[in-house]
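# Coordinate inspection notes
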Amino acid sequence: IEPLLAHELVHIRRGDLLVAMLQLVVQCLWWFHPLVRWANQWLTRETERSCDEEVIGHLGCNPLAYARSLLTVLEVKQRLQPVPTFPGVRPVDVTKQRLERIMQLGQGWRHQTPWWCWPPWLCWR
């Protein structure tokens, strides 16, 4: 469970919830624009990817163990009752591409999150 908690703490440290709320507002205002929907999906996917990289890189977590813990969350999720979510809180999204990317991280990972994954206000510290 340690890698999963670390993943969520990376989201908190970077302020990803605020970005997700901004994404929600933008999508509500321009719901009709396909580029807005595509940009939201891309930003969400890249945010998750960069958090995965940080967890594997900084904790030294085995990519296989991390991928298995994500799959365990999906198994447990099947047995739980759904709870209304808060704005910006997304369901667990474990895709084949994400698991393949996690497994590739064991072969080499970035030591720092790319600058374009960080909200601008956190870069100016």
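Before reading on, note that the structure itself is shown above.
Predicted model only: the values in this text are computed from it and were never measured.

### Section: the overall build of the protein
Regarding its fold elements, the protein presents six helices and zero strands. Seen in sequence order, the protein has helices and strands lined up from the N terminus as α-α-α-α-α-α. Within the span of the protein, comprising 125 residues, buried residues form 35% of the whole. When contacts within the protein are restricted to residue pairs at least 6 apart in sequence, long-range pairs at least 24 apart make up 80% of them. As displayed, the protein offers around 9000 Å² of accessible surface, 66% of which is attributable to carbon and sulfur atoms.

### Regarding the packing of helix H1 (residues 2-14) against helix H3 (residues 34-59)
Viewed as axis vectors pointing N to C, H1 and H3 meet at an angle of 120°, and their least axial separation amounts to 9 Å. Classified by the angle between their axes, H1 and H3 sit oblique to one another. H1 and H3 meet at a crossing whose hand is right-handed. Where H1 abuts H3, its residues Glu2, Pro3, Ala6, His7, Val10, His11, Arg13 and Arg14 lie against Thr47, Glu48, Ser50, Cys51, Asp52, Glu54, Val55 and Leu59. Class assignment of the residues belonging to the contact of H1 with H3 gives a composition of six nonpolar, four polar and six charged.

### Thoughts on the nonpolar core
The biggest cluster of nonpolar side chains holds eleven residues, and these are Leu4, Ala6, Val55, Ile56, Cys61, Tyr66, Ala67, Leu70, Leu99, Ile102 and Leu105. Every element with two or more residues in this core is listed here: H1, H3, helix H4 (63-79) and helix H5 (96-105). Those residues in contact with Ile102 that lie beyond four places of it in its chain are Asp52, Ile56, Pro63, Tyr66, Ala67 and Leu70.

### What about H5?
All of the buried residues in H5 are Arg98, Leu99, Ile102 and Leu105. The buried residues of H5 occupy an angular sector of 115° when the element is viewed end-on, so they sit on one face. The exposed set on the far side of H5, more than 90 degrees from its buried face, consists of Lys96 and Gln97. Looking at the buried side of H5, the elements it contacts are H1, H3 and H4.

### Here's the deal with the pattern of salt bridges
If you walk through the whole model with that rule in mind, you get four salt bridges. Put simply, Asp16 and Arg14 hold a salt bridge, and the shortest N to O gap is 2.9 Å. Like Asp16, the residue Arg14 is buried in the burial classification. Of the charged contacts in the structure, one is a salt bridge between Arg49 and Glu53, with a shortest N-O distance of 2.6 Å. Here Arg49 pairs with Glu53, and both are found in helix H3, just four residues apart, close to one helical turn. Judged by its relative accessible area of 13%, Arg49 is buried. Glu53 sits in the buried class, given a relative accessible area of 2%. Each member of the salt-bridge network shares a partner with another, and the members are Glu46, Arg49 and Glu53.

The rules behind these values
Residues numbered from 1 in each chain as written. Predicted model: local features only at pLDDT ≥ 70, side-chain atom pairs only at ≥ 80, totals over all residues. Heavy atoms only, no water. Helix = DSSP H or I, 4+ residues; strand = E, 2+ residues; numbered from the N terminus. Buried < 20%, exposed > 50% of the residue type's maximum accessible area, 1.4 Å probe, protein only. Contact = heavy atoms within 4.5 Å. Areas by Shrake-Rupley, 256 points an atom, 1.4 Å probe, with all protein chains shown as cover. Axes fitted to C-alpha atoms, helices over the stretch in contact; angles between N-to-C directions. Parallel < 35°, antiparallel > 145°, perpendicular 65-115°, else oblique. Left-handed = near helix turned anticlockwise from the far one by under 90°. Nonpolar A, V, L, I, M, F, W, Y, C, P; charged D, E, K, R; others polar. Core = buried A, V, L, I, M, F, W, Y, C linked by side-chain atoms within 4.5 Å. Arc of directions from axis to C-beta. Salt bridge = Lys/Arg side-chain N within 4 Å of Asp/Glu carboxyl O.

Remember that the coordinates give geometry; whether it matters functionally is a separate question.
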